[in-house]
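Spelled out from the first residue to the last, the chains are:
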Amino acid sequence: MSLASHLSLSSLLLAAASVAAPAATMASEAAPPAHEATQERGVDAFYAERGGQPFWFGPRGAGPHAGVLLERLSNAASEGLDPADYDPQQLAEAIRDAEAQRTDWRAVERRLSQTMVRYLSDLRYGRVENKIDFTEPGMAPEPPAPADVLASAASASSFEQWFAQQHRLNPVYDGLRDALAQVRNGNGADAQPLIGEGDLLRQGDRSPRVERLRERLGLPVPQSGANRYDSQVAAAVESFQREHGLSADGVLGPNTRAMLNQPPGEQERTLIANMERARWLPDALGDRYVMVNIPGYTVRMYEGDRAVQEMAVVVGTEYDRTPLMADRMEYLEINPYWNIPNSITSEEIAPAVRANGVGYLQSRNMEVVRSFTPSADVLNPGAMNWASAAAGDPNLLVRQRPGPDNALGRIKFMFPNPHAIYLHDTPADQLFENSSRSESHGCVRVERPIDLAMWALTQDGWDRARLRQAIDSGDNQQVQLQREIPVYLTYFTAWPQPDGSISYRPDIYDRDSALISELG
C-alpha cells in the first residue's frame, strides 16, 4: 500500500491530540491493563479475519476514523479517565511519521486498534475489579471480545456515531458525567463561597456568615437583612441537609458546614469514583428494574432510563452492611414468615430466651421449627438447648409468624441469594423520619411497600383492592411474578437527581477512600 503524505489530516489529528482537557485528578500513572494480553490476541484475531486489511489507514494515509478516535482520547477526562493513559499526542505523531513513510504504518495500525479496545474497556467496564456480587450469574456484565469490538466498529455505517454510542452507559453514569463537567467548568460547589467557622446558626440569628450561606445555597441576597438567618435560609439549609443525608433540622452546624465547604477537588474525586461504580452495572439494566442506593437511603423503580418512583429505605448498619449485589426479583410474599438468621438467633434471640424464658418467644409471635418451610413442624421451645443456640448451633431454627408486628411487615420482595438479602416492609415506620437510616441487619426496609408491590405486579393483573384483600386475610401467600425484575443494590455517594442536580451522600461504609486509592 502506498502511503503518500496526508498533511491536512495529520494536522487535524495533532490538533485533536493537543486539545487542552483537564486531566483526571484520580490517576496520572495507571497500571497496565490486566487484560492487555487478551486484548492483543483479540487484535490479532481481528486482522486475521480481515486477511490483514487495515481499518485505520488507506492509500492516502490515516483515514477519518483515526481523527475521531484521537479526539475522543484527548477528551477522556470528560469521562473521568486520564488522556495520558492513551497517549493521543504520541499516536498522532506516530501517524504523521507513518504517513511520511518514516515508520511502518502496520505497527501504528495495530497500536490504534489496541488503544481503542483498551479505552472502551476502561470506559464501559471500569479500571478496577467490579465490586458488585452478581448472585444471578446471567446478569453479570460480559465485555465483548476485543475482536468483536473491532469488527463492530469496522462494520458500522458511521464510525463516528458508533463510537459516540459506546459512551452511553446508563442513567446514573450520564448524570455523573454531566456533573463532572459542571464542576470542572466552575459551576459546582467548589466554585462557591466558603462558610467560615463559628457558633451554630439557626432561624432568627444574625451573622456575617449568613450572606455567604445565601450565596452558597443560591438564595437572593437582600439589600437589607442579608445577615439575618430567616425562614427562607432555614428552609434552604433543611432541604440541603435532607438531600445530603444529614439531620434535617435547618441549623447550620459543623457537619452541614463541612458538606457545604467541600474542599477543591473533593467533588471531582467523588464523582470519578462513582462513575467507576456506574461502569460496574450491566450494559442492559432491563426494561423495568429496581435500584437501591445504599448511602442514599433510597430505592428507585425504573422503566427504561426513566425513574418512575422513588422512596426511602432503611439499610444495614456499619456492622451488618447491605452488600453490593444484583439479582432478579422472582416473587412477593404476602404476610411473610421471618426466618431469623442464625447470627441473630445466637446473638439476640437465644440470650433473651435464656434471660426471660420461652415466654420471650411467645410475646414476639416467634416459634421454633424443624425447617424454614410454610408447613414446617413446630417444636417445643422448652425442650431446646438455648445455650447451644447462643453458641451458634445452626440446627435450632426460629421464625416469626405473620402478623402486624412481624419484622418484615406485610410484604417481602424476594430475589433468593446466598446473602439472604431482600426488600421488605417494616412495622417500624418511624425510622423513615430519620435522615440517617442505617438501622437494619442488612436487608432493605421499604417506606411504601404497597406502592412497590403494585408497580412490581402491574403486569400481573393485580390491583390495590386485591392486594389489600390478600394482606387483610392474614394468610401467608407467595405471588410469583410473570416476569422477573432485576434488582441492583448499589453504592453511590454522588447520586443524580431527576432535576439534573447531584446529591452528595455520606460515605456510610467508608468505601470512597479505598476506591479512590485503587484508581490511583
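For the structure, see preceding data.
Caption draft 1: Representation of the overall build of the protein. Helices and strands together make up the secondary structure of the protein, namely 18 helices and 18 strands. Counting only C-alpha atoms and orienting by the principal axes, one finds that the protein spans roughly 90 × 70 × 45 Å. Here the protein holds 520 residues, and 50% of them are scored as buried. Contacts in the protein between residues at least 24 apart in sequence constitute 70% of all its contacts with a sequence separation of at least 6. If you sum the accessible surface of the protein, you get close to 23,500 Å²; carbon and sulfur atoms cover 46% of it. The positive charge centre, built from 49 side chains, and the negative charge centre, built from 69, are 2 Å apart in the protein.

Caption draft 2: View of the environment of E318. Within the secondary structure, E318 is located in the loop between strand 6 (306–316) and strand 7 (325–334). Since its relative accessible area comes to 44%, E318 is described here as partly exposed. Counting along the chain gives 198 residues from E318 to I516, while the straight-line C-alpha distance between them is 20 Å. Other than its neighbours up to four places away in sequence, E318 contacts I508 and Y509. Of note is the side chain of E318, whose polar atom sits 2.6 Å from the side chain of R321.

Caption draft 3: Spotlight on the pattern of salt bridges. Inspection of every chain in the model, using the stated rule, returns 24 salt bridges. Ionic pairing is found between R110 and D44, a salt bridge with its closest N-O pair at 2.6 Å. Taken as a pair, R110 in helix 5 (residues 105–125) and D44 in helix 2 (residues 36–49) lie far apart in primary sequence, 66 residues in all. For D44, a relative accessible area of 38% puts it in the partly exposed group. Where E447 meets R448, a salt bridge forms, and the shortest distance between an N and an O atom there is 3.8 Å. Look at the salt bridges and you will find they share partners, linking E447, R448, D451 and R464 into a network.

Caption draft 4: A look at unusual backbone geometry. Phi is positive for N335, which is not a glycine, with a value near 50 degrees. Relative to the assigned elements, N335 resides in the loop between strand 7 and strand 8 (338–339). The exposure class assigned to N335 is buried, which follows from its relative accessible area of 0%. Here the phi dihedral of D510 falls at roughly 55 degrees; this positive angle occurs in a residue that is not glycine. Mapped onto the elements of the fold, D510 is located in the loop between strand 18 (502–504) and helix 18 (512–519). Using a relative accessible area of 54% as the deciding quantity, one classes D510 as exposed.

Caption draft 5: Representation of the sheet that holds strand 11 (residues 397–400). With antiparallel pairing, four strands are arranged side by side in an open sheet as 8-11-9-10. Two strands in the sheet have a free side with no partner beyond their single neighbour: strand 8 and strand 10 (378–379).

Caption draft 6: Region of the structure containing the packing of aromatic side chains. A full pass over the atoms with the stated rule returns 14 aromatic pairs. Consider the rings of F55 and F159, whose centres lie 5.7 Å apart with planes at 70 degrees: the pair is edge-to-face. Taken together, the positions of F55 in the loop between helix 2 and strand 1 (57–58) and F159 in helix 7 (residues 159–165) put the pair 104 residues apart, joining distant regions of the chain. The pair formed by F55 and F159 is uniform in burial state, with each residue classed as buried. Pairing F57 with W105 gives two aromatic rings, centres 6.0 Å apart and planes at 50 degrees, and the pair type is tilted. Here F57, found in strand 1, pairs with W105, found in helix 5; they are 48 residues apart in sequence, far enough to count as distant. For the pair F57 and W105, a shared accessibility class is recorded, and that class is buried. Through a chain of ring-to-ring contacts, the aromatic side chains of F55, W56, Y86, Y119, F159, W162 and F163 assemble into a single cluster. Here the guanidinium or amino end of R399 rests over the ring plane of Y337, the centre of that ring lying 3.9 Å away. Between the NZ or CZ atom of R511 and the centre of the ring of Y491, over which it lies, the distance is 5.2 Å.

Caption draft 7: Looking closely at the environment of G204. For G204, the position within the fold is in the loop between helix 8 (171–184) and helix 9 (209–217). The exposure class assigned to G204 is exposed, which follows from its relative accessible area of 55%.

Caption draft 8: Looking closely at the pairing of strand 5 (residues 298–303). The buried count for strand 5 comes to five of six residues, which makes it a mostly enclosed element. Alignment of strand 4 (residues 288–293) against strand 5, held across six bridges, turns out to be antiparallel. The residue bridging R288 from the neighbouring strand is E303, located in strand 5. With antiparallel pairing between neighbouring strands as the criterion, strand 4 and strand 5 make up a hairpin whose turn holds four residues, including Y297 at a positive phi of roughly 55 degrees. Alignment of strand 5 against strand 6, held across six bridges, turns out to be antiparallel. Considered in strand 6, the bridge of T298 is made with A312.

About the thresholds
- Residues numbered from 1 in each chain as written.
- Predicted model: local features only at pLDDT ≥ 70, side-chain atom pairs only at ≥ 80, totals over all residues.
- Heavy atoms only, no water.
- Helix = DSSP H or I, 4+ residues; strand = E, 2+ residues; numbered from the N terminus.
- Buried < 20%, exposed > 50% of the residue type's maximum accessible area, 1.4 Å probe, protein only.
- Contact = heavy atoms within 4.5 Å.
- Areas by Shrake-Rupley, 256 points an atom, 1.4 Å probe, with all protein chains shown as cover.
- Lys, Arg positive; Asp, Glu negative; His and termini not counted.
- Charge placed at Lys NZ, Arg CZ, Asp CG, Glu CD.
- Polar contact = N/O pair within 3.5 Å; in protein donor to acceptor, adjacent residues only side chain to side chain.
- Salt bridge = Lys/Arg side-chain N within 4 Å of Asp/Glu carboxyl O.
- Pairing = 2+ DSSP bridges.
- Phe/Tyr/Trp six-rings, centres within 6.5 Å; stacked < 30°, edge-to-face > 60°.
- Lys NZ or Arg CZ within 6 Å of the ring centre and 35° of its normal.

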